[in-house]
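Observations on the model geometry
Each chain, written out:
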Amino acid sequence: MPRFRETTLQSTPSVPRKERIKDPKDIMRSVDPAALYMLEKAKDQNLISSYDRFAAQQPQCAFGYEGICCRICFQGPCRIKPGDGPGSKGICGATAYTIVSRNIARMMAGGASAHSDHGRHIVHALLHAAEGKLADFKVTDVEKLNRVAERIGISAEGKTENELAVEVSKAALEDFGRQTDEPCTWLTTTITDGRNKKFADCCIAPTAIDRSVVSLLHQTHIGTDADPVNIIFGGLKCGLADYVGMHISTDLSDVLFGTPKPVVTEANLGVLKEDKVNVIVHGHNPILSQTVVNVAKEMEAEAKAAGATGIQLSGICCTGNEVLMRSGVPIATNFSSQELAIMTGAVDVMVVDVQCIMPSVQAVAECFHTKIVTTMDISKIPGAHHFAFDEEHAVESAKAVIRLAIEGYKNRQGMACDIPQIKNKVIAGFSVEAIVELLAAINPETPIKVLTDAVEAGELAGVALLCGCNNLESVHDNNHLTIARELTKNNVFVVTTGCSAQALAKAGMMAPEAIEEYAGEGLKNFLKRLADANQDKLTDGLPLVFHMGSCVDNSRAHDLSTMMAKQLNVDTPKVPFVASAPEAMSEKAVSIGAGAVAMGYPTHVGTMPPIEGSPLVFGIATQIASDVYGGYFIFETDPMVAAAKLLASLDNRTWKLGIHKKTAEKYETQLCENY
Ligand code: BF8
Ligand code: SF4
């Protein structure tokens, strides 16, 4: 393969905009056989889903699609037209580059808000539990609490676990609201020295999450910042604030509910059971979903008394990932197909918290016996039941939800259920701690060296994080599966989170059999070595791709790359590590992507964010970012081309790392800091 300067690997997406949506009239936009089964049924029964609405929205407004529609003040909307006449600027004179950068930066602020507000909820729960105010929650993972405390410089000596948890929680709250100029603790203590220096030099280290969001909204108000580089750098700061929020969420969720270890379960709509009470947890926050899981175990008898054979829990979106990782709860489906789960007629209650819950679930539920239960003050749906969930009455609320589901089961008797009998085995639960433990069976002294050695020796082509959403602009799940197959065939060690992980789980890529089917020789050998060394711990072997959790658990993947960087004695932009959001959709995906680029990863996005309206902003994201941070965006909607670009990025990094190492050895110098 010819060696390219990394950023010449990509410039513009290989598929022109007009060709991206091939047949908008065809609603069968999925490669998931269970989703396709349900879509057929929906067509027969005239049930409307997001797939129909996607088709109905075509063609979408080109101004909005490319990011050159401004609605920041209500003189607008202003749309940028070609040429250099008065219509080529907004009423205030904002050019395309100002409008595009402001719009995308505001998405980053939205994403960081969502992740970090979820994080704040977890911090409050831990704080109040440790203060003895919550009967239903306690510190579950004391070792993790100690590790986090030590990392952020809080001594555990002479303190009870609750005292320590109070201190750690208060330190986390400081990262939300600090008014002085020290950077966030959860940033500085989790990244390389090189990244700390880079973020300080570029003034993008957030001092507090809330402040970063507020500053960015201020920066992008009409008549404040017009400079696209400055706006995008403000966005990157918010992307790092998002990283801090994610990391706090992961750390303290682990402290409260336990750090994931390998679990065996299943995924896809076939996990629903006609003869059981079916409860789906949907959303993001583990405080609610984990309580439902814990309570369901105690309520089996009540379900049986109602004639069911038990309670079947399953998950959608990231709260599904949270309870999958810690309790082995099966996955029902992912974002795009959430309504299709209800169309089986088997769901007694879908209980939701925050984020990525389509408002339409209520409309679909009204065609069946299903009850939608909202639980959070900031997330209600007209027509749905609302059980205000507060931590003080967590178990009570969870019991009420399950009782409603048991009632639902009774009402369902005599009604038709149509569950596609499609599901796959899943081995998940790979926190960084779990991965390190597996590696330690080969090298107990320096576990991470097992991974970096395999990369340096060429057995593995590198590490890739597949993450993010579904977006019907691409065929549901197709980009995730195509890219994962191409990467694993070419010996990339794939870790995954979010709806991407759920796509791969549903398709059987988290079953051990997938290794034989898809992995290249190097990856096969690496996974075999790992499985052999851990036979005593693994009842069912290892999967092809490693599920690291929900979207906030992208922090786990960041930790893995930072560990690799430290072991290789380089900064993160030199690590053969790439990220891909093959079907990105949400504002959170934009802020996660911004953080990933700042950390130095080649970051692929497989569905176009609204950025093509300004070649300058496009260039900042794909080229200038690389010059400054070492990371950059790859916008590519063809999944085969995207996989080739990701592989070329990894190849380039491994090759460069080898050359730099050889040179440093030859001249007995340090590895150079540049990338
Ligand atoms: O936080 S991957 S569609 S569920 S936003 Fe939403 Fe996207 Fe799914 Fe999880 Ni993440
Ligand atoms: Fe138009 Fe400027 Fe207002 Fe945007 S901020 S809507 S470009 S006048």
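Whatever comes next refers back to the structure up there.
First, a word on scope: everything that follows refers to the structure included in this document. The structure presented is a predicted model; accordingly, all values stated were derived computationally and were not measured.

**Some words on the site of ligand 1**
Ligand 1 sits among His 284, Cys 317, Cys 318, Phe 335, Cys 356, Gly 468, Cys 469, Cys 499, Cys 551, Met 585, Ser 586 and Lys 588. One of the side-chain N or O atoms of Lys 588 is found 2.9 Å from an oxygen atom in ligand 1. Taken together, the residues that form the shell around ligand 1 break down as eight nonpolar, three polar and one charged. Mapping the shell around ligand 1 onto the domain boundaries places at least three of its residues in each of domain 2 (263–412) and domain 3 (429–665).

**A short note on the coordination of the nickel atom of ligand 1**
If you check the protein contacts of the nickel atom of ligand 1, you find one donor only, Cys 551 (SG), at 2.2 Å. Angles of 90 to 164 degrees at the metal separate the four donor atoms of the nickel atom of ligand 1, which places the site in the irregular class. Turning to its location among the elements, Cys 551 is positioned in the loop between β13 (546–549) and α23 (554–568).

**Quick notes on the environment of Asp 638**
Topologically, Asp 638 is positioned in the loop between β16 (632–635) and α26 (639–667). For Asp 638, a relative accessible area of 25% corresponds to the partly exposed category. Along the primary structure Asp 638 and Thr 482 are separated by 156 residues, whereas in three dimensions their C-alpha atoms are 9.6 Å apart. Once residues lying within four places of it in the same chain are set aside, the contact partners of Asp 638 are Ser 14 and Val 15.

**Quick notes on the packing of aromatic side chains**
The geometry of an aromatic ring pair is captured by the separation of the ring centres together with the interplanar angle, meaning the angle of the planes. In this structure the tally under the stated criterion is eight aromatic pairs. Summarising the aromatic geometry, the rings of Phe 137 and Phe 257 are spaced 6.2 Å apart at their centres and angled 70 degrees between planes, so their arrangement reads as edge-to-face. Taken together, the residues Phe 137 in the loop between α4 (96–130) and α5 (142–151) and Phe 257 in helix α10 (residues 228–257) connect sequence positions 120 residues apart. Owing to a relative accessible area of 14%, Phe 257 belongs among the buried residues under this scheme. Between Phe 493 and Phe 526 the ring centres are 5.8 Å apart and the planes differ by 70 degrees, which places this aromatic pair in the edge-to-face class. Of the two residues, Phe 493 sits in strand β12 (residues 492–497) while Phe 526 sits in helix α22 (residues 521–533), which places them 33 residues apart along the sequence. Cluster of aromatic residues (ring-pair linked, three or more members): Phe 430, Phe 493, Phe 526 and Phe 546.

**Considering the sheet that holds β12**
Strand order in the open sheet formed by six strands is β13-β12-β11-β14-β15-β16, and the pairing between neighbours is parallel. Since the sheet does not close on itself, it has two edges, and those belong to β13 and β16, each with one partner. This sheet shows a mean twist of 25 degrees between the axes of neighbouring strands, independent of strand direction. Note that strand β14 (residues 577–581) and strand β15 (residues 602–605) share three bridges and pair parallel. Bridge pairing in β15 links Ser 580 to His 604.

Rules and cut-offs
Residues numbered from 1 in each chain as written. Chains lettered and ligands numbered in written order. Predicted model: local features only at pLDDT ≥ 70, side-chain atom pairs only at ≥ 80, totals over all residues. Heavy atoms only, no water. Near = heavy atom within 4 Å. Polar contact = N/O pair within 3.5 Å; in protein donor to acceptor, adjacent residues only side chain to side chain. Nonpolar A, V, L, I, M, F, W, Y, C, P; charged D, E, K, R; others polar. Domains from an automatic or database assignment. Donors = N, O, S within 2.8 Å, 3.2 Å for Na, K, Ca; no water. Tetrahedral: all angles 85-135°; square planar, octahedral: opposite > 155°, others 65-115°. Helix = DSSP H or I, 4+ residues; strand = E, 2+ residues; numbered from the N terminus. Buried < 20%, exposed > 50% of the residue type's maximum accessible area, 1.4 Å probe, protein only. Contact = heavy atoms within 4.5 Å. Phe/Tyr/Trp six-rings, centres within 6.5 Å; stacked < 30°, edge-to-face > 60°. Pairing = 2+ DSSP bridges. Axes fitted to C-alpha atoms, helices over the stretch in contact; angles between N-to-C directions.

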